[in-house]
Amino acid sequence: MSKIHEVLIAYQQEYLSQWCQFILFDQKGDILVSSNSFSDLHSYYGTSIYQLNFFLESLQSVIETLDATQDELFFPRMEIPFGEKTGVFDYTIKRIEDQNEIYYVWIVEDNTAHNRYLSLVQQERNDTYIENELLQLKTQNQILQEEVEKQTADIQEQKRLIEKQKDDILDSIRYAQRIQQAILPTDKVLESAIFQTFIFYMPKDIVSGDFYWARQVGGKSVIAVADCTGHGVPGAFMSLVGQNMLETILIEQKIFYPKNILESLDRQMLQLFQNDNRVHDGMDITVVVIDEEQKTITYAGAKRPLYFVRDANFQEIKGAPFAIGGHHLVQGKNFTEFELKIQPNDVFYLFSDGYADQFGGDSDKKFMIRNFKNLLLKIHHLPVTMQQEILKENLLAWRGSRKQTDDILVVGLQF
Amino acid sequence: MQSISKKVVLVGNFGVGKTSLTRRFVFQKFADEYLTTLGVKIDKKIMNLPDLEVNLIIWDIAGEVSQTKVPKSYYLGANGIIYVFDLTRPSTFKHISEDLDYIKQLLPNVPYILAGNKKDLLSEEELKRTISEFPIPCEYLTSAKTGECVEEIFQDLTKKMTNR
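These notes cover the structure that comes with them. (Residues numbered from 1 in each chain as written. Chains lettered and ligands numbered in written order. Predicted model: local features only at pLDDT ≥ 70, side-chain atom pairs only at ≥ 80, totals over all residues. Heavy atoms only, no water.)

As a further point, take the overall build of chain A. What chain A contains, in helices and strands, is 9 helices and 18 strands. Evaluated residue by residue, chain A yields a buried proportion of 44% over its 415 residues. Pairs at least 24 residues apart make up 61% of the contacts formed inside chain A by residues separated by at least 6 positions. Accessible surface for chain A amounts to roughly 23,100 Å². Of this, 52% is attributable to carbon and sulfur atoms. (Helix = DSSP H or I, 4+ residues; strand = E, 2+ residues; numbered from the N terminus. Buried < 20%, exposed > 50% of the residue type's maximum accessible area, 1.4 Å probe, protein only. Contact = heavy atoms within 4.5 Å. Areas by Shrake-Rupley, 256 points an atom, 1.4 Å probe, with all protein chains shown as cover.)

This part covers the packing of helix α8 (residues 369-379) of chain A against helix α9 (residues 384-399) of chain A. All names here are of chain A. Close contact between α8 and α9 brings their axes to 10 Å; oriented N to C, the two are set at 145°. Relative to α9, the crossing made by α8 is right-handed. Taking contact as the criterion, the partners of F372, L375, L376 and I379 in α8 are, on α9, Q387, I390, L391 and N394. (Axes fitted to C-alpha atoms, helices over the stretch in contact; angles between N-to-C directions. Left-handed = near helix turned anticlockwise from the far one by under 90°.)

Looking now at unusual backbone geometry. A positive phi angle, close to 55°, is found at K295 of chain A, a residue other than glycine. With respect to the helices and strands, K295 of chain A occurs in the loop between β9 (282-291) and β10 (296-302). The phi dihedral of D51 of chain B falls on the positive side, at around 65°, and the residue is not glycine. Following the sequence through the fold, D51 of chain B ends up in the loop between β2 (40-49) and β3 (52-61).

Turning our attention to the packing of aromatic side chains. Enumeration over the complete set of coordinates arrives at 30 aromatic pairs over all chains. Here F25 of chain A and Y50 of chain A contribute two aromatic rings whose centre-to-centre distance is 6.1 Å and whose plane-to-plane angle is 75°, an arrangement assigned as edge-to-face. With F25 of chain A in strand β1 (residues 20-26) and Y50 of chain A in helix α2 (residues 49-52), this residue pair connects regions lying 25 residues apart in the sequence. Take F25 of chain A and Y50 of chain A: they sit in the same class, and that class is buried. Geometrically, the ring pair formed by F85 of chain B and F134 of chain B is edge-to-face, given 5.3 Å between the ring centres and 80° between the ring planes. Highlighted residues: F85 of chain B in strand β4 (residues 80-86) and F134 of chain B in the loop between α3 (124-132) and β6 (140-141), separated in sequence by 49 residues. For the pair formed by F85 of chain B and F134 of chain B, the shared burial category is buried. Between the NZ or CZ atom of K7 of chain B and the centre of the ring of W59 of chain B, over which it lies, the distance is 3.5 Å. Sitting over the face of the ring of F25 of chain B, K45 of chain B holds its NZ or CZ atom 4.4 Å from the ring centroid. (Phe/Tyr/Trp six-rings, centres within 6.5 Å; stacked < 30°, edge-to-face > 60°. Lys NZ or Arg CZ within 6 Å of the ring centre and 35° of its normal.)

In space, the 11 strands of this open sheet follow the order β2(A)-β1(A)-β5(A)-β4(A)-β3(A)-β2(B)-β3(B)-β1(B)-β4(B)-β5(B)-β6(B), with mixed pairing throughout. Looking at strand neighbours, the two that pair on one side only are β2 (31-35) of chain A together with β6 of chain B, the edges of this open sheet. Judged from the 9 bridges that link them, strand β1 (residues 2-11) of chain B and β3 of chain B form a sheet pairing that is parallel. Directly across from K6 of chain B, in β3 of chain B, lies its bridge partner L56 of chain B. Against the sheet, helix α2 (residues 96-106) of chain B touches β1, β4 and β5 (112-117) of chain B, its axis set at about 165° to β4 of chain B. (Pairing = 2+ DSSP bridges.)

Let us look at the nonpolar core. When a protein is soluble and globular, its nonpolar side chains tend to lie buried together. The biggest cluster of nonpolar side chains holds 51 residues, and the ones touching the most others in it are F55, F75, M78, I93 and W106 of chain A together with W59 of chain B. In this structure, A193, F273, V289 and A300 of chain A belong to the second largest nonpolar core, which totals 50 residues. (Core = buried A, V, L, I, M, F, W, Y, C linked by side-chain atoms within 4.5 Å.)

With that settled, consider helix α5 (residues 112-183) of chain A. Residues and elements named next belong to chain A. The end-to-end C-alpha separation of α5 is 102 Å, in line with the 106 Å expected for 72 residues at 1.5 Å each. Listed as buried for α5 are T112, N115, Q122, Q123, N126, I130, E133, L137, I173 and Q180. Elements that come into contact with the buried residues of α5 comprise β3 (72-82), β4 (85-98), β5 (101-110), β6 (196-202) and α6 (232-252). (Expected span 1.5 Å × (residues − 1).)

Below, the discussion takes up the pattern of salt bridges. One pass over the structure, following the stated rule, counts 25 salt bridges over all chains. Notably, a salt bridge pairs D364 of chain A with R402 of chain A, separated by 2.8 Å at the nearest N-O pair. With a gap of 38 residues between them, D364 of chain A in the loop between β16 (359-360) and β17 (365-366) and R402 of chain A in the loop between α9 and β18 (408-414) connect regions that are remote in the sequence. Among the residues examined, D364 of chain A registers a relative accessible area of 39% and is labelled partly exposed. A relative accessible area of 29% places R402 of chain A in the partly exposed class. One salt-bridge network, held together by shared partners, links E133 of chain A together with D86, R89 and K118 of chain B. (Salt bridge = Lys/Arg side-chain N within 4 Å of Asp/Glu carboxyl O.)

When the parts of a complex come together, some accessible area is lost, and that lost area is often taken as the interface size. Counting residues at the interface gives 28 residues for chain B and 27 residues for chain A. Across the interface of chain B and chain A, roughly 2,500 Å² is buried in total on both sides, 61% from carbon and sulfur atoms. At the junction of chain B with chain A, the criterion picks out 3 salt bridges. Between R89 of chain B and E133 of chain A there is a salt bridge whose closest N-O contact spans 3.3 Å. On inspection of chain B and its partner chain A, the count reaches 16 residue pairs in polar contact (both at pLDDT 80 or more). Elements with a minimum of two residues in the side of chain B that touches chain A: β1, β2 and β3 of chain B. For the side of chain B that touches chain A, the element with the highest residue contribution is β2 of chain B, accounting for 5 residues. Here the residues of the side of chain B that touches chain A sort into 13 nonpolar, 10 polar and 5 charged. (Buried area = accessible area lost by both parts, 1.4 Å probe. Polar contact = N/O pair within 3.5 Å; in protein donor to acceptor, adjacent residues only side chain to side chain. Nonpolar A, V, L, I, M, F, W, Y, C, P; charged D, E, K, R; others polar.)

Residue and element names in this part refer to chain B. In contact at an axis separation of 9 Å, helix α1 (residues 18-27) and helix α4 (residues 150-161) are set at 85° when each is read in the N-to-C sense. Here α1 lies roughly perpendicular to α4, going by the angle between them. Contact with α1, carried on its side by L21, R24 and F25, involves V150, E151, I153 and F154 of α4 and no other residues of that element. Split by residue class, the contact of α1 with α4 holds 5 nonpolar, no polar and 2 charged. (Parallel < 35°, antiparallel > 145°, perpendicular 65-115°, else oblique.)

Another point: the environment of L391 of chain A. Residues and elements named next belong to chain A. Tracing the backbone shows L391 in helix α9. You can call L391 buried: its relative accessible area is 0%. Sequence separation between L391 and F372 is 19 residues, and the spatial gap between their C-alpha atoms is 9.4 Å. Residues contacting L391, with those up to four places away along its chain left out, are F198, F200, Y355, F372, L375, L376, I379 and V410.

Take the pairing of β1 of chain B next. Side-chain positions along a regular strand alternate between the two faces of the sheet. Direction of pairing for β1 of chain B relative to β4 of chain B: parallel, over a ladder of 4 bridges. Bridge pairing in β4 of chain B places V8 of chain B opposite G80 of chain B.

Shown next as structure tokens:
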């Protein structure tokens, strides 16, 4: 018996009770001998095992590092196909050192029958686990979907409520608009006046913080153009307060001087809000009184100027630098009034700051006062209805698709 | 042409499609039926790179919930790792980071690739939602059923293993 057979038999003794195959190969990987074969390997003796078997091929570098300290590798449950079937084997690789010679023995233990049951159990365990997991995911998704549906329904209900509230609020504001429009003076107020009038009035929202007011008493026409703090509903409230106060000043107090009108207006406004420090609202206003008999126009302004064009020359009278009402701390406002003799073809303009402040154009900038003045100078000689139309067309072209910046009001008086 | 051998290990949870990916790559076949792998299945395929023939010896390892349960001997001598997870089962990609840390500890400097499999089972919307749940970015979304990106993951890993 050769030496290598002796080595193999010695190891075989340890596995006598098991169904094993032993293949002994040397450091180069050449098959030396095999025993207890499932198949006859005699014809492979002398051939490199690394070229025959890709399990060992992939471990060649690891096998070569085995030494006295670690001389064994164990690979359980290797599934190896045999034609249509699959066998399950436990592989052990042992390093053997015998009289300065190094060998490796590959021990193949067939556990196919033993693992058949294990395989079934494992398959069932995995199938059940995956089924349960997918079922759990499905249930979670269903719960999530139901929650999303519930939240969607809640949101839709909230949306419906908000839309209803919005409709109610808009209805109220539209009704308020009717009230505001009803209070604004009609064309008839100044129909017997000696001048032609146009009113270009374009609120930003449904109701406006800008308002105009006019009365003819005796031979005098009193006209005011005001820009209340803010716009929309708060502005509209202030405009109602302002119109009511002007009415009182003119009809009850019988004040016909613009300076005195502004001073009275300021006093009343401060008195009205004196109990609430949170309200600092007020208005910028232009007031003119036209005496038809004397052919004079008297002007006073609170932060609003008066523009007029005479003999094709543009002129401006600046108003006082403070507004009506506002901060309670500002006391003793002294308004100044200016009286002018009216000449034929004079055109006077009273306005809020909305037109000049409108954003638009190619660079999205304000229209600016300079451009507003130039426009008025260009159109002052035209009939009032045409002036109004040009102001509107110019504004819409400048604004383009942008939102309106503020309430807009321009009143023209042509003699 | 030079020829070398590289051991590639496929790991991941059970039922994620490791065997199907291997079968698609080696045999260009796919079966819907799920048959659990018991220990390790070994297959071989030659990948040709310019001037180099690479014998990929693919170790398809039985799936485990945690990679710490895989016998360490299976990882011995591995030159590359493909970590496979199932895009339809979040539990299979929840612990990627921990699993990769464990593998990197066993096999330092060995390149790896992440493959999210079963892409064919998800709609575009479901896929977007799933991707947003990944704990770390995944470069390959594969389908063993349609073959999508299967060749690419092995090709990419081969390049990484051979530094090409």
